[in-house]
Amino acid sequence: MASVTDPGTEPKPALRRSLGFRDLVVYGLLFIAPMAPVGVFGTLDAKSHGAVALVYLFATVAMAFTAFSYAQMVQVAPQAGSVFTYARKGLGEGAGLIAGWMAMLDYLLIPAVAYLFSGIAMNALVPEVSRWVWTALAVLVTTALNLWGVRAAARVGFAVLAMEIAVLLVFVVAAVTVLARGGAQRGWLSPLTGDGSPGFSLTAVLGAVSVAVLSYLGFDAIASFAEEVTGGSARVARAVLFCLVLAGTLFVVQGYLAALLMPVSSAELAADPAQQGPAFYDAVESSAGSWLHDLVAASKAVGAAFAALAGQAAAGRLVFAMARERRLPGALARTSDGTPRPALLVAATITLVAAVWAARRADGLDQLVSVVDVGALVAFTLLHASVVGWFVVRRGAGDPVWWKHLLIPVLGAAVTVAVIVEASWTAQVVGAVWLVAGLCVLSAQRGRRPGGGDPPHA
């Protein structure tokens, strides 16, 4: 079992450094999924009055604040644990536990949603097999890859990501060909200005942004692999920013083309919510034919399972980091050949139970989707506070750069708080219950000195 030693402490378990820049980007893009807009396109189109490409432009800028804060803190604390580690550094032990606790809600349930998406897609292609069976199979296959090791999982993930990018390119080429031959169903600038009915509304666009930012959840998982990257923490920071910019570009292009191909107006979509879910597929099938519809669906089935693989890997590392600091049972901090297998198995088990439970319920997907995002957004808010706490309050790196260490984090926190306020009542209640549970855990551990690392703060 690999370990590191701090002065005056016992050796602590450590992870093996084997990942490069490409591997980090692969994990980030796998978690986000290059074709993430497929599932929410109709909702965004209806909410924004047709300005879906503009929505993704705004959302990319909004999430750039969070990516920038990650880039600052990963260089301060280049360790596994992501926001748990950063909040401990910038805000103290209690805030660190709460940040890690809230991030766990996101990291454990987003993979469950992705596995369920995979099960639903496979059930549509092979209806003789129940979707819960496909869902469970996806969990087992990707868990085996994660237990094999982070490097092996990254290699397989790269192949899957390449397939997803190839399908996306096929869609882009097919869409451009259709538009060149037959013209657009809407105005050429409508994906940026709205489709004319009921007209452009900045309020409507910003309301849609609160939904669109959820497509980006996952780029932050890159920071979870900080202990396993070669070349230093600056490489992790670059990967976080690069992944967000690349994902944002892909999202804007998809939204723009799909809006031009959409055979009905945004007002019609708004009037008939049942059309919003399959809107992207309807646009593809009506313009290019069923072959592209089936290709996109198959790609989503495989891609969703491997998005879950990246999410499960990140969840395992968060659990590992919290256990290493004695915030979770110490057995979860064990490693084998540099891989946190106990933590991965616990994360996989929880995800399996949640995914199969949801797959066996008619409303399972809605139940999961309604709660996965609040945890991440609360953790993001504490991340921004950590930047201010470390650089401005504690002056941990000397004199702060005010635009970098105060202005951007404050703007980023304003965005994440605004999205939390716009979240569904169910999501807010579940997030609040989970937060209260975390506060109870913190209260029970009050006075316990974490194992190694920085001394506890109030």
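Residues numbered from 1 in each chain as written. Predicted model: local features only at pLDDT ≥ 70, side-chain atom pairs only at ≥ 80, totals over all residues. Heavy atoms only, no water.

Asker: When you look at the packing of helix α10 (residues 233–261) against helix α12 (residues 279–288) in this model, what are you seeing that I'm missing?
Answerer: A pair of packed helices can be characterised by two numbers: the angle between their axes and the separation between those axes. Packing of α10 against α12 brings their axes to within 9 Å, and their N-to-C directions diverge by 60°. Taken together, α10 and α12 sit at an angle that is classed as oblique. You can see that α10 and α12 cross each other, and the crossing is left-handed. The residues of α12 that touch α10, namely those facing Q254, A258 and L261, are F280, A283, S286 and S287. Residues that form the contact of α10 with α12 fall into these classes: 4 nonpolar, 3 polar and no charged. (Axes fitted to C-alpha atoms, helices over the stretch in contact; angles between N-to-C directions. Helix = DSSP H or I, 4+ residues; strand = E, 2+ residues; numbered from the N terminus. Parallel < 35°, antiparallel > 145°, perpendicular 65-115°, else oblique. Left-handed = near helix turned anticlockwise from the far one by under 90°. Contact = heavy atoms within 4.5 Å. Nonpolar A, V, L, I, M, F, W, Y, C, P; charged D, E, K, R; others polar.)

Asker: Before we go on, may I ask you to explain the packing of helix α3 (residues 52–76) against helix α16 (residues 402–422) in this structure?
Answerer: Where α3 contacts α16, the axes come no closer than 8 Å and their chain directions differ by 135°. In terms of axis orientation, α3 runs oblique to α16. In the crossing of α3 with α16, the sense of the turn from one axis to the other is left-handed. Between α3, through A62, F65, T66, F68, S69 and Q72, and α16, the contact on the second element is made entirely by W403, K404, H405, I408, P409, L411, G412, V415 and T416. Its residues assigned to classes, the contact of α3 with α16 comprises 8 nonpolar, 6 polar and 1 charged.

Asker: I keep staring at the packing of aromatic side chains and nothing clicks. Help me out?
Answerer: The description of an aromatic ring pair uses the distance of the two centres, along with the angle that the planes make with each other. Taken as a whole and judged by the stated rule, the model has 10 aromatic pairs. For the ring pair Y56 and Y216, a centre distance of 6.3 Å and an interplane angle of 55° mean the geometry is tilted. Here Y56, found in helix α3, pairs with Y216, found in the loop between α9 (202–212) and α10; they are 160 residues apart in sequence, far enough to count as distant. Accessibility assignment for this pair places Y56 and Y216 in one class, buried. A ring pair is formed by F171 and F280, whose centres lie 5.2 Å apart and whose planes are at 40°; its orientation type is tilted. Of the two residues, F171 is situated in helix α7 (residues 150–182) and F280 in helix α12; the sequence distance between them amounts to 109 residues. By relative accessible area, F280 is classed as buried at 1%. Aromatic rings pair up to connect F41, F171 and F280 into one cluster. Across the ring face of F158, the terminal group of R22 is positioned such that the distance to the ring centre comes to 4.1 Å. (Phe/Tyr/Trp six-rings, centres within 6.5 Å; stacked < 30°, edge-to-face > 60°. Buried < 20%, exposed > 50% of the residue type's maximum accessible area, 1.4 Å probe, protein only. Lys NZ or Arg CZ within 6 Å of the ring centre and 35° of its normal.)

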